[in-house]
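Spelled out from the first residue to the last, the chains are:
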Amino acid sequence: MNKLRIVFMGTPEFALSTLRLLCESGHTPVAVYTQPDKVNRRGGKITFSPVKAYALEQGLPVHQPLTFRTEEAAAELAAYRPDLIVVIAYGRILPQSILDIPTYGAVNIHASLLPKYRGAAPVQRAIINQEAESGVTLMHLDAGMDTGPIISQVKLPLTPDMTAGALLETLAGLGAKELLRILDRMPEALAEARPQDEAEATYAEKLTKDMGHLDWSRDALALHALARGMYPNPGTYTFFRGKRLKIHQTVLPAHSLPSGRPGEIVSLEEGVLWVAAGKGTLGIARLQPENSKQMRAADFINGHQVHIHDEMEN
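Residues numbered from 1 in each chain as written. Predicted model: local features only at pLDDT ≥ 70, side-chain atom pairs only at ≥ 80, totals over all residues. Heavy atoms only, no water.

### Here's the deal with the overall build of the protein
This is how the line gets drawn: Numbering goes from the N terminus for both helices and strands, where a helix is a DSSP run of H or I of at least four residues and a strand is a run of E of at least two. The cut-offs for exposure are 20% and 50% of the maximum accessible area for each residue type, with area from a 1.4 Å probe on protein chains only; residues under the lower value are buried, those over the upper are exposed, and the others partly exposed. The contact criterion used throughout is that any non-hydrogen atoms of two residues lie within 4.5 Å. Two residue types count as positive, namely Lys and Arg, and two as negative, namely Asp and Glu; His and chain ends fall outside the count. Charge positions are represented by NZ for Lys, CZ for Arg, CG for Asp and CD for Glu.
The helix and strand inventory of the protein stands at nine helices and 18 strands. When its C-alpha atoms are laid out on the principal axes, the protein stretches across 70 × 45 × 30 Å. Taken across its 314 residues, the protein has 48% of its residues classed as buried. Contacts spanning at least 24 positions in sequence make up 66% of the contacts within the protein whose residues lie at least 6 apart. Charged side chains of the protein number 32 positive and 34 negative; the gap between the two group centres comes to 5 Å.

### Considering the sheet that holds strand β1 (residues 6-10)
Which entries qualify depends on this criterion: Note: two strands are recorded as paired if DSSP finds a minimum of 2 bridges between them.
Taken in spatial order, the seven strands line up as β5-β2-β1-β6-β7-β9-β10 in an open sheet, and their pairing is mixed. In this open sheet, the two edge strands, each paired with only one partner strand, are β5 (62-63) and β10 (150-157).

### Structural notes on the packing of aromatic side chains
Remark: the centre distance and the inter-plane angle together describe each pair of aromatic rings, the angle taken between the planes. Stated precisely, the cut-off is as follows: When the centres of two rings from Phe, Tyr and Trp lie within 6.5 Å, Trp using its six-membered ring, the rings pair. Their planes under 30 degrees apart give stacked, over 60 give edge-to-face, and anything left gives tilted.
Across all of its chains, the model carries four aromatic pairs by this definition. Note on Tyr33 and Phe68: the rings are 5.6 Å apart at their centroids and 35° apart in plane angle, and the pair reads as tilted. One end of the pair, Tyr33, is in strand β2 (residues 31-33); the other, Phe68, is in the loop between β5 and α3 (71-78), with 35 residues separating them in the sequence. Here Tyr33 matches Phe68 in class, with each residue buried. Ring geometry for Phe240 against Phe300: centres 5.9 Å apart, planes inclined by 65°, an arrangement best described as edge-to-face.

### Describing the side chain of His63
For the record, the criterion: In the analysis that follows, any N or O atom pair within 3.5 Å is treated as a polar contact, provided that within protein one partner can donate a hydrogen and the other can accept it, and provided that, for residues neighboring in sequence, both atoms belong to side chains.
Along the chain, His63 falls in strand β5. Within the structure, His63 has its side chain in polar contact with the side chain of Tyr80 (distance 2.6 Å). Leaving out residues up to four positions away in the same chain, His63 has contacts with Ala31, Val32, Tyr33, Thr34, Glu76 and Tyr80.

### Quick notes on the pattern of salt bridges
For the record, the criterion: For this document, the term salt bridge refers to a Lys or Arg side-chain nitrogen within 4 Å of an Asp or Glu carboxyl oxygen.
Scanning the entire structure with this criterion turns up nine salt bridges. The partner of Arg261 in a salt bridge is Glu264, and the shortest N-O contact between them spans 3.7 Å. For Arg261, the salt bridge is made with Glu311, and the minimal N-O distance between the two is 2.2 Å. Of this pair, Arg261 sits in the loop between β13 (243-251) and β14 (265-267) while Glu311 sits in the loop between α9 (297-303) and β18 (312-313), placing them 50 residues apart in sequence. Owing to a relative accessible area of 33%, Glu311 belongs among the partly exposed residues under this scheme. One network of salt bridges, in which partners are shared, links Arg261, Glu264 and Glu311.

### A short note on the pairing of strand β12 (residues 236-240)
Where burial is concerned, most of β12 is hidden: four out of the five residues are buried. Bridge count for β12 against β13 is five bridges, and the pairing is antiparallel. Looking at the pairing, Thr236 lines up with Ile247 of β13. Hairpin connection between β12 and β13: a loop of two residues separates the two successive antiparallel strands, and Arg241 in this loop has a positive phi of roughly 55°. Looking at chain direction, β12 and β18 are connected through two bridges and run antiparallel. Considered in β18, the bridge of Phe240 is made with Met312.

### Things to note about helix α2 (residues 50-57)
Under the convention used in this document: Taking the helix axis as origin, the arc is that swept by the directions to the C-beta atoms.
Three or more residues of α2 are buried, namely Val51, Lys52, Tyr54 and Ala55. One face of α2 carries all of its buried residues, which in axial projection span an arc of 165°. As for α2, its buried residues are in contact with β1, α1 (13-24), β2 and β5. Where α2 terminates, the next one or two residues include Gly59, which has phi positive at roughly 75°.

Here it is as structure tokens:
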């Protein structure tokens, strides 16, 4: 079939992989929509989204409407005569009036195996919940929250030390390639799309900074999953000698270590802060002290004269 007239809608780095691949493969969008620019409250500096920055480099028309629920916004989009809207982490639910404009409606790349983990933080929640696999879903958008028919899915096993940042990067590439595969057979792909099973649906609510406070009475496996799922943003933290420590990397022990009270440092083997949890032991390998730079735990141990039996604070 002929090349589709695509309007691309996305905002963060996760969406950029697909926009870049579309441009490089000859499926360059006729327009790009992204969220309004952010303005720094202190300095007044304006920050473009990753998608906007790249679109401007490519000379693509960029639009940043505050809403699609006006006649002007709908007319502006309709003027591009789109065959398809591609939506990836755009940050706004499209009303049905917008979805009805393109010939083939809108396709969304969602970073989970729908219907599991609908919503804002599917990648992070999958790791925090210690799922065995994740993946991407290509979905034909409807007016609901990630409820449209499934066009295709690509699964990915989760490794024991994978972080949300690493998983997002991998899924972004998988989703982009899957979209490219589907574009050349869009009518057939849409005809084959299957409804989601509502009985299997779960939601991935947005993460908060408070969720990152490590509770040392919990299982070490759960804490390791939380630290990986919250990395790099919003991150996890603990307190030591009254100061906040941001956690950048946690590890699990390869052999048994001495037991201790939850929060107690039970070993400093290999330059790692091995901390007793409610069950098991969690190692802190990289961290960032308050008002300081990220560093190896070994450097923190030496610089702060850390000893076995010192304690992390809840």
